[in-house]
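Summary of the model geometry
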Amino acid sequence: MQDFLAYTVLGLCLGSVYAIAATGLVVTYSTSGVFNIAHGAVATMSALFYWQLRFDWHAPAPIAIFLTVCVFAPLLGLVLEVVVMRGLRGTSEVTRLVTPVAVLLGINGAATWIWFRSSNRALVPKKFFGESNVKVLGQAVYYHQIIGVLLSIVIAGALYVLLYRTRLGVTMRATVDDRSLLMLNGGRPDRVSMASWAIGASLAGLAGVLLSPQLGALQVFALTLLVFDAYPAAVAGRLRSVPLTYVGAMVLGLSKLYFDWISDAGQRWLVLRNLRNAIPALLLFGALLLLPQDRLRGAIVTRTRERFRVPTMREAVLWGGVLVAAMAMLQSIMSGSAVISLANGVALSLMALSLVLLTGYAGEINLAVFTFAGVAVIAAWQFDVGPTGLATQKSLSVGAVLLAMCVCSLVGGLIALPALRLRGLYLGLATFAFGIIVYQLVILQTQPLHFNIFGGKFTVNLFTNGSLTVPRPHWFGINFAGQRAFLMLMTVLFAVLGIGIIAIRRSAYGRMIVAMKDSPAACATLGLNLTRLKLGVFMVSSAIAGLAGLMWAAERRTLPNNADFDGFQSLLLFMIAVVGGIGYVSGAFIAGIFLSVLSVVMPDVFDKLGSDYPSLHWLFVTVLGNFSHYVGPALVGIGLGKNPSGIAQQIMDGFRPLKKAPGATAIWVAAIVVLWAATWRGAVSNWHFSLISVGSLFIVPRIIMSVFEDRFAEEERAVAGEDLDLIGIDRAFRSSDRQVLDTALGLPAGPSGGVE
Amino acid sequence: MTLLECRNVGMKFGGAAALTAVSISAEAGVITGLIGPNGAGKTTMFNCITGLLEPTSGEVMLDGADITKLAPFRRARLGVARTFQRLELFTSLSVRDNIRVAGEIRSRWSKDKGKSDTQAEAEHIIELLGLSGLADRDVAEIPTGMARRVEMGRALMTRPRILLLDEPASGQDEQETEEFGELLLHVRDEGTAILLVEHDVSLVMKVCSFIQVLDFGCLIASGSPAEIQTNPAVLEAYLGEDHSA
């Protein structure tokens with residue numbers, strides 16, 4: 001009994017810190033509608049800043065705390081609001097989730113760059129007042145923990161006064177209800193948003209400082225994950241209610257400590273030793289089950305800024321063929337290492353493809369694509385190799401692939417079930433939580449699991465000894481073990497799946513899922529069972545993710561269990577897929593290649609430049625290489641608010657002139673083919689080939705545009721009609737203008753409906 | 001025959017009562033008007049009937065069966081269809097696809113699965129609503145009046161027994177409204193019940209056989225168009241207390 005009480009006290013101490021972190025999240029969400037997934041990163045950055053002041057520069061603790069919590073963190077929040085979040089108004093839920101993801105990765109990248117660039121420095125923060133403690137029921141409770149509890153109580157009180165007793169608080173609550181009405185009444189929602197982001201960031205900073213000593217030595221992503229643990233508390237408060245968030249935080253803290261108590265700090269059941277780390281994610285699922293059904297939402301903004309054009313089947317097949325042909329030509333002149341980078345990119349493109357269907361078309365969110373890859377690998381390995389032990393299988397069988405897809409589909413359905421009746425954001429959080437649970441309980445498990453089912457012994461191999469080896473396929477009599485052959489297999493697979501996904505979009509089913517994204521309320525009033533449709537889409541896209549994940553794993557061959565599954569890679573992939581253009585198959589392709597280029601190719605290039613020009617090593621390697629590696633992907637994500645339809649859309653717009661000048665385009669393509677042939681024969685180096693061909697991608701459309709400018713302008717006038725206001729002033733009215741006017745006014749064609 | 005019957009429906013948002021014990025009804029083959037000043041609770045009533053809101057008290061009956069607790073999609077399958085005052089079009093789809101997808105959704109749940117030709121039916125509706133010239137346009141770029149017709153076409157594709165129209169004529173000009181009135185009569189003559197929320201009083205008076213008036217969440221009058229036009233409570237609600245002019 002005494003133990004129970006002692007652990008209860010410790011649990012409440014931990015819960016208090018979670019409460020501080022989670023209320024920060026609630027404050028920003030409820031005034032801006034943005035679920036700031038970067039909250040954890042703000043906390044991490046602040047904790048590192050505090051460490052810098054307090055333990056590296058030896059500033060006194062009160063000054064360090066003041067500068068961190070009252071100056072640095074709020075400033076960070078302000079900058080985020082003004083520079084990034086303000087641009088998100090009128091964008092879809094997906095964009096509003098992705099941008100904070102980019103911020104998260106950007107801040108963490110910057111933190112890694114600043115503090116962890118040079119090898120293994122241990123940054124060890126200490127508790128306030130060191131190890132001083134009081135004994136409560138025989139258990140040491142540190143002053144640090146007591147300070148946490150006191151602060152959380154003070155903050156709860158202060159927030160109550162702020163929200164219900166001050167003018168700013170009233171305005172904050174009004175912003176949630178109706179932003180434009182508030183403006184009409186003389187409120188200044190922009191200021192309110194700034195205030196709430198500053199407060200939210202300040203709370204994140206405080207939580208970061210309070211939580212950091214738990215880690216021993218600071219690590220960027222580990223600390224961010226530690227703050228993520230508080231997110232379920234905010235979900236329990238429906239992202240709006242501060243009191244419920246406090247309750248959720250206490251449940252969270254108590255659950256962790258009670259688990260410590262009954263499991264002897266994780267020593268009792270070795271299989272479950274990582275369960276403690278999965279408790280917040282499990283509680284998130286619990287909270288999702290308890291949340292009431294969402295009120296059916298209509299289109300919140302009548303017209304979101306994202307627009308995606310659907311290609312015809314003919315275009316899809318044509319471009320699929322072009323992709324395969326271009327890849328075949330390209331790989332034949334590329335060096336081995338370049339082929340590896342490209343294959344890595346195509347594998348990532350395949351994984352991003354599962355998101356086109358799910359997110360681009362249906363508007364739902366999956367933040368655990370890599371987890372599905374892990375599940376697929378385990379399933380396929382089980383099928384091909386069985387419980388006997390080491391990988392003896394030489395190639396990946398079709399049966400294994402099918403099994404992996406089925407398992408992923410079922411698992412996907414199961415995790416999506418509790419969140420489907422809620423808004424898309426909750427499904428995103430559920431998948432993220434699922435990723436963490438699978439990572440902690442399955443993928444980090446290095447021993448095979450043995451089951452006795454109906455007397456028969458059954459063994460499941462997980463990532464035995466910390467890694468799994470996935471062989472490449474040997475299908476249709478072709479051995480795909482070689483790098484080039486496998487690259488081509490993945491490219492063909494991408495083309496086929498891409499065409500399939502476009503076919504789905506053009507079918508009745510595709511129209512339904514798009515309709516569901518545009519207006520759930522209207523769909524329901526037409527008799528559509530939204531939950532069932534969402535479940536179906538999620539299962540199909542999980543199966544695609546499984547297939548893609550298997551290819552990605554086979555591309556890597558040996559897959560360690562600690563590199564890609566902790567959740568951040570999935571976040572990065574999701575973000576890049578949206579940046580590439582989530583509504584387009586081509587967007588998924590661009591996303592994969594882009595990610596590979598930014599995180600692998602660019603640093604390599606800068607490394608090479610650095611060793612070629614040692615005097616400029618600092619510029620190429622220290623600045624540009626690190627920048628591209630750590631912060632590059634995040635920066636493109638942060639820019640998303642400006643162009644929410646993604647890169648694919650921009651590229652298509654850029655190439656539009658080519659359509660109108662088929663002759664010039666044909667000459668250009670022929671020139672590239674000739675150049676390729678010359679490279680293939682060895683007359684031109686492949687370095688020059690890539691320089692000229694990539695360069696021409698940017699230059700040729702501009703040249704065509706400027707040469708044919710007059711003709712395009714004339715054609716455009718013919719299509720769009722002239723400036724209608726000037727008809728009759730610029731020139732005489734013609735009978736053909738009537739048709740133009742009718743169309744512009746949306747009147748039915750024909751003699752009866754015209755404007756006289 | 002009474003098809004839809006709302007009995008003492010009440011709806012509270014926090015402390016504010018949007019509807020207080022409102023009882024209204026609609027008959028098959030009849031256009032019933034539901035009018036009232038802004039904020040009277042007309043759209044809230046529609047939301048309660050279609051299930052987007054669950055009323056805090058009272059019952060919604062369809063053809064004698066209680067549907068108060070049913071999910072919106074189940075009510076739609078029983079024949080309740082609506083349009084929205086704030087447009088709820090599928091902005092990624094063309095005009096034609098907006099109407100077509102409604103038929104495709106219907107063919108997923110209706111009993112005569114696969115028997116009907118959705119595409120031909122959609123073309124028929126497009127023709128009927130005078131949308132042929134716009135069928136391939138993006139719904140986001142057509143005028144509001146036409147967009148309201150698209151919503152109506154979408155609702156008609158579910159072959160509803162009762163059609164709830166929320167200000168369908170706003171955004172349409174005089175001539176269009178006239179055509180639209182004819183269209184309503186045509187739909188009515190095919191046996192569909194129509195519950196019409198509309199601010200264009202002349203349209204309401206012309207097509208409705210029966211009118212019910214809401215004000216501040218309460219039913220203040222009901223009767224034939226002629227009765228409503230002279231009802232003192234209605235005049236007060238619309239024109240204020242001093243309505244001698």
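Residues numbered from 1 in each chain as written. Chains lettered and ligands numbered in written order. Predicted model: local features only at pLDDT ≥ 70, side-chain atom pairs only at ≥ 80, totals over all residues. Heavy atoms only, no water.

Here the focus is the overall build of chain A. A count of helical and extended segments in chain A gives 29 helices and 8 strands. Against the 2.2 N^0.38 benchmark of 27 Å for 756 residues, chain A shows a C-alpha radius of gyration of 28 Å, consistent with a compact globule. When the 756 residues of chain A are sorted by exposure, 53% land in the buried category. Taking as baseline every contact in chain A between residues at least 6 positions apart, the subset at least 24 positions apart corresponds to 75%. Counting 54 positive and 36 negative side-chain charges, chain A places the centres of these two groups 6 Å from one another. (Helix = DSSP H or I, 4+ residues; strand = E, 2+ residues; numbered from the N terminus. Rg over C-alpha atoms; globule rule 2.2 N^0.38 Å. Buried < 20%, exposed > 50% of the residue type's maximum accessible area, 1.4 Å probe, protein only. Contact = heavy atoms within 4.5 Å. Lys, Arg positive; Asp, Glu negative; His and termini not counted. Charge placed at Lys NZ, Arg CZ, Asp CG, Glu CD.)

At the interface, 34 residues of chain A touch 40 residues of chain B. Between chain A and chain B lies a buried interface of about 3,000 Å² when both sides are counted; carbon and sulfur atoms form 59% of it. Per-residue buried area on chain A facing chain B is highest for R511(A), T525(A) and L526(A); these three make up 24% of the total on that side. Counting the contacts that link chain A with chain B gives 1 salt bridge. Here E104(B) and R511(A) are joined by a salt bridge, their closest N and O atoms 2.6 Å apart. Linking chain A with chain B are 6 residue pairs in polar contact (both at pLDDT 80 or more). (Buried area = accessible area lost by both parts, 1.4 Å probe. Salt bridge = Lys/Arg side-chain N within 4 Å of Asp/Glu carboxyl O. Polar contact = N/O pair within 3.5 Å; in protein donor to acceptor, adjacent residues only side chain to side chain.)

Here the focus is the domain arrangement of chain B. All names here are of chain B. Taken domain by domain, chain B comprises domain 1 (1-79 + 160-245) and domain 2 (88-159). Here the C-alpha centre of domain 2 lies 24 Å away from the C-alpha centre of domain 1. In this complex, domain 1 contributes 19 residues to the contact, which on the side of domain 2 involves 12 residues. Regarding the contact of domain 1 and domain 2, the summed buried area is about 1,300 Å², with carbon and sulfur atoms giving 68% of it. (Domains from an automatic or database assignment.)

Residue and element names in this part refer to chain B. Mapped onto the elements of the fold, E121 is located in helix α4 (residues 118-128). The class of E121 is buried, set by a relative accessible area of 18%. Distance from E121 to I99, taken between C-alpha atoms, is 9.4 Å for residues 22 residues apart in sequence. When sequence neighbours within four positions are dropped, the list of residues in contact with E121 reads S116, M157 and R159.

Right, let's get into the packing of aromatic side chains. All names here are of chain A. Inspection of the entire model under this criterion finds 21 aromatic pairs over all chains. Geometrically, the ring pair formed by Y258 and W261 is tilted, given 6.5 Å between the ring centres and 55 degrees between the ring planes. Here W261 and Y258 lie together in helix α11 (residues 242-262), a separation of 3 residues that amounts to about one turn. Assessed through its relative accessible area of 23%, Y258 is described here as partly exposed. (Phe/Tyr/Trp six-rings, centres within 6.5 Å; stacked < 30°, edge-to-face > 60°.)

Attention now goes to the confidence of the model for chain A. Taken over all residues, the pLDDT of chain A has a mean of 84, while the share at 70 or more is 91%. Helix α18 (residues 483-506) of chain A holds the highest mean pLDDT among the elements of chain A, 96, whereas helix α28 (residues 709-720) of chain A holds the lowest, 66. (pLDDT = per-residue confidence, 0-100.)

This part takes up the sheet that holds strand β6 (residues 80-82) of chain B. All names here are of chain B. The strand order β6-β7-β8-β3-β9-β10 describes an open sheet built from 6 strands, whose pairing is mixed. The outermost strands of the open sheet, each flanked by one partner alone, are β6 and β10 (218-223). Direction aside, the axes of adjacent strands within the sheet are offset by 20 degrees on average. Inspection of the sheet shows β6 paired to strand β7 (residues 162-166) by 3 bridges, in the parallel sense. Paired with A81 across the bridge in β7 is L163. Running over the sheet, helix α5 (residues 144-156) touches β6 and β7 and is turned about 165 degrees from β7. Across the sheet, helix α6 (residues 174-189) touches β3 (31-35), β7 and β8 (193-197), and the angle it forms with β8 is around 150 degrees. (Pairing = 2+ DSSP bridges. Axes fitted to C-alpha atoms, helices over the stretch in contact; angles between N-to-C directions.)

All right, on to the nonpolar core then. Counting 265 residues, the largest nonpolar core has M551(A), W552(A) and M152(B) as the members making the most contacts within it. Other than its neighbours up to four places away in sequence, W552(A) contacts A347(A), L348(A), M351(A), F370(A), A373(A), L559(A), D564(A) and F565(A). In this structure, V9(B), F46(B), L53(B) and L164(B) belong to the second largest nonpolar core, which totals 26 residues. (Core = buried A, V, L, I, M, F, W, Y, C linked by side-chain atoms within 4.5 Å.)

On to the pairing of strand β2 (residues 16-27) of chain B, then. Residues and elements named next belong to chain B. The pairing of strand β1 (residues 2-13) with β2 spans 8 bridges and is classified as antiparallel. When the sheet's bridge partners are listed, V9 is paired in β2 with V22. Here β1 hands over to β2 after 2 residues, with G14 in that stretch at a positive phi of 60 degrees.

Let's shift gears to the pairing of β3(B). All names here are of chain B. With 5 of its 5 residues buried, β3 lies for the most part within the structure. The alternating pattern of β3 places I31, G33 and I35 and T32 and L34 on opposite faces, both of which are buried. Bridge count between β3 and β8: 4 bridges; the pairing is parallel. Looking across to β8, one finds that L34 is bridged to V197. In the sheet, β3 pairs with strand β9 (residues 210-215) via 4 bridges, with the strands oriented parallel. Of the residues in β9, the one forming a bridge with G33 is I211.

This next bit is on a negative patch on the surface. Side chains of D173(B), E174(B), E178(B) and E182(B) sit close together on the surface and give a patch of like negative charge. In this fold, E178(B) is placed in helix α6. (Patch = residues over 30% accessible without salt bridge, like charges linked within 9 Å, V, L, I, M, F, W, Y side chains within 5 Å. Areas by Shrake-Rupley, 256 points an atom, 1.4 Å probe, with all protein chains shown as cover.)

According to the stated counting rule, one finds 0 disulfides over all chains in the structure shown. Sulfur of C6(B): no disulfide; nearest cysteine sulfur belongs to C48(B) and is 8.1 Å away. (Disulfide = S-S within 2.5 Å.)

Counting through the fold element by element, S202(A) comes out in helix α8 (residues 189-211). Here S202(A) is in contact with V69(A), A73(A) and P74(A), once residues within four sequence places are set aside.

This paragraph deals with the sheet that holds β1(B). Residue and element names in this part refer to chain B. A sheet is described by the order of its strands in space; here 4 strands give the open sequence β2-β1-β4-β5, paired in antiparallel fashion. Two strands close off the open sheet at either side, each with one partner strand: β2 and β5 (65-66). Looking at chain direction, β1 and strand β4 (residues 57-62) are connected through 5 bridges and run antiparallel. Across the sheet, the residue bridging to C6 is V60, located in β4. Where helix α1 (residues 42-50) meets the sheet, its contacts fall on β1, β2 and β4, and the angle it forms with β1 comes to roughly 115 degrees.

Okay, helix α21 (residues 530-556) of chain A next. Residues and elements named next belong to chain A. The terminal C-alpha atoms of α21, which comprises 27 residues, lie 38 Å apart, in line with the 39 Å expected from a rise of 1.5 Å per residue. Regarding α21, its N-cap is N529, as a side-chain oxygen of that residue lies 3.3 Å from the backbone nitrogen of T531 further along. In the segment just after α21, R557 is the residue with positive phi, at about 65 degrees. (Expected span 1.5 Å × (residues − 1).)

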